[in-house]
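The chain contents come next:
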Amino acid sequence: MLADAYIIHQVNRYDIHGKRIFESNEKYYFEDHGIRNAIVGGRRDADIEKIIENIVYQHLIRSGYTVYVGLLQAGEIDFVCSKPSGERIYIQVSYIVADEQTREREFGNLRKINDNYPKYVISMTPLVSRNDDNGITHLHLRKFLVEGL
């Protein structure tokens, strides 16, 4: 009912290797963060990753992408995005990429995708300017929201 009322968005999972959409185990993103905060209650500093992921999702939808959550055999890709023109991109979202474990989690999953579509990691890591890590572009969240990809 919440999806029908446009309060939340239901996002299906997409098998990247099998190139098919799953019709179960969806993820949900809120249309309005105020409603989300009212439901989960108060200040929740531990939810910063989910909030940033929701913001990136909303921006992608408003930029004309169809968005899925990607599935790999050994992990998840936050977003598999496509446009009717055939353009496709893969995006991982993280709060801060500060240590090697986080870097490997975010960049490593994207390295496992064996195609030539653009791959991005979007984070709030301080002092990140658009840089490249073996074909994966790391963008600061603010730059992504203002300038796009």
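Higher on the page you've got the structure.
Here is what the cut-offs are and how they apply
- Residues numbered from 1 in each chain as written.
- Predicted model: local features only at pLDDT ≥ 70, side-chain atom pairs only at ≥ 80, totals over all residues.
- Heavy atoms only, no water.
- Patch = residues over 30% accessible without salt bridge, like charges linked within 9 Å, V, L, I, M, F, W, Y side chains within 5 Å.
- Areas by Shrake-Rupley, 256 points an atom, 1.4 Å probe, with all protein chains shown as cover.
- Salt bridge = Lys/Arg side-chain N within 4 Å of Asp/Glu carboxyl O.
- Helix = DSSP H or I, 4+ residues; strand = E, 2+ residues; numbered from the N terminus.
- 1 Å grid on protein atoms, 1.4 Å probe; cavity = no way out; pocket = protein on both sides within 12 Å on 5 of 7 lines; lining within 4 Å.
- Points joined across faces, edges and corners; volume = space filled by probe spheres on them.
- Nonpolar A, V, L, I, M, F, W, Y, C, P; charged D, E, K, R; others polar.
- Buried < 20%, exposed > 50% of the residue type's maximum accessible area, 1.4 Å probe, protein only.

Undergrad: Got a sec to walk through a nonpolar patch on the surface? Specific residues and values, please.
TA: There is a patch of nonpolar side chains on the surface, built from I35, I39 and V40 and spanning about 240 Å² of accessible area. Note on placement: I39 falls in helix α1 (residues 33-40).

Undergrad: Just give me the short version of the environment of R142, but keep the residues and values in it.
TA: Position of R142 relative to the elements: it lies in helix α4 (residues 141-147). A C-alpha to C-alpha distance of 8.8 Å links R142 and S123, two positions 19 residues apart in sequence.

Undergrad: So what's going on with the layout of surface pockets? Residues and values would help.
TA: The space that makes up the largest pocket amounts to roughly 270 Å³. Lining the largest pocket we find 12 residues, and of these Y28, Y29, R36, K50 and N54 sit closest to its centre. The residue makeup of the lining of the largest pocket, split by class, is 4 nonpolar, 1 polar and 7 charged.

Undergrad: Explain the pattern of salt bridges to me, using residue names and the numbers behind them.
TA: Following the criterion strictly, the structure yields 4 salt bridges and no others. A salt bridge links R111 to E104; the shortest N-O distance between them is 3.5 Å. Relative accessible area serves as the criterion here: at 45%, E104 is assigned to the partly exposed category. We note a salt bridge from E147 to K143, for which the minimum N-O separation is 3.5 Å. Note that E147 and K143 are positioned in helix α4 at a spacing of 4 residues, about one turn of the helix. Overall, E147 belongs to the exposed group, its relative accessible area being 55%. Overall, K143 belongs to the partly exposed group, its relative accessible area being 31%.

Fair warning: the whole summary comes from geometry, so function is off the table for now.
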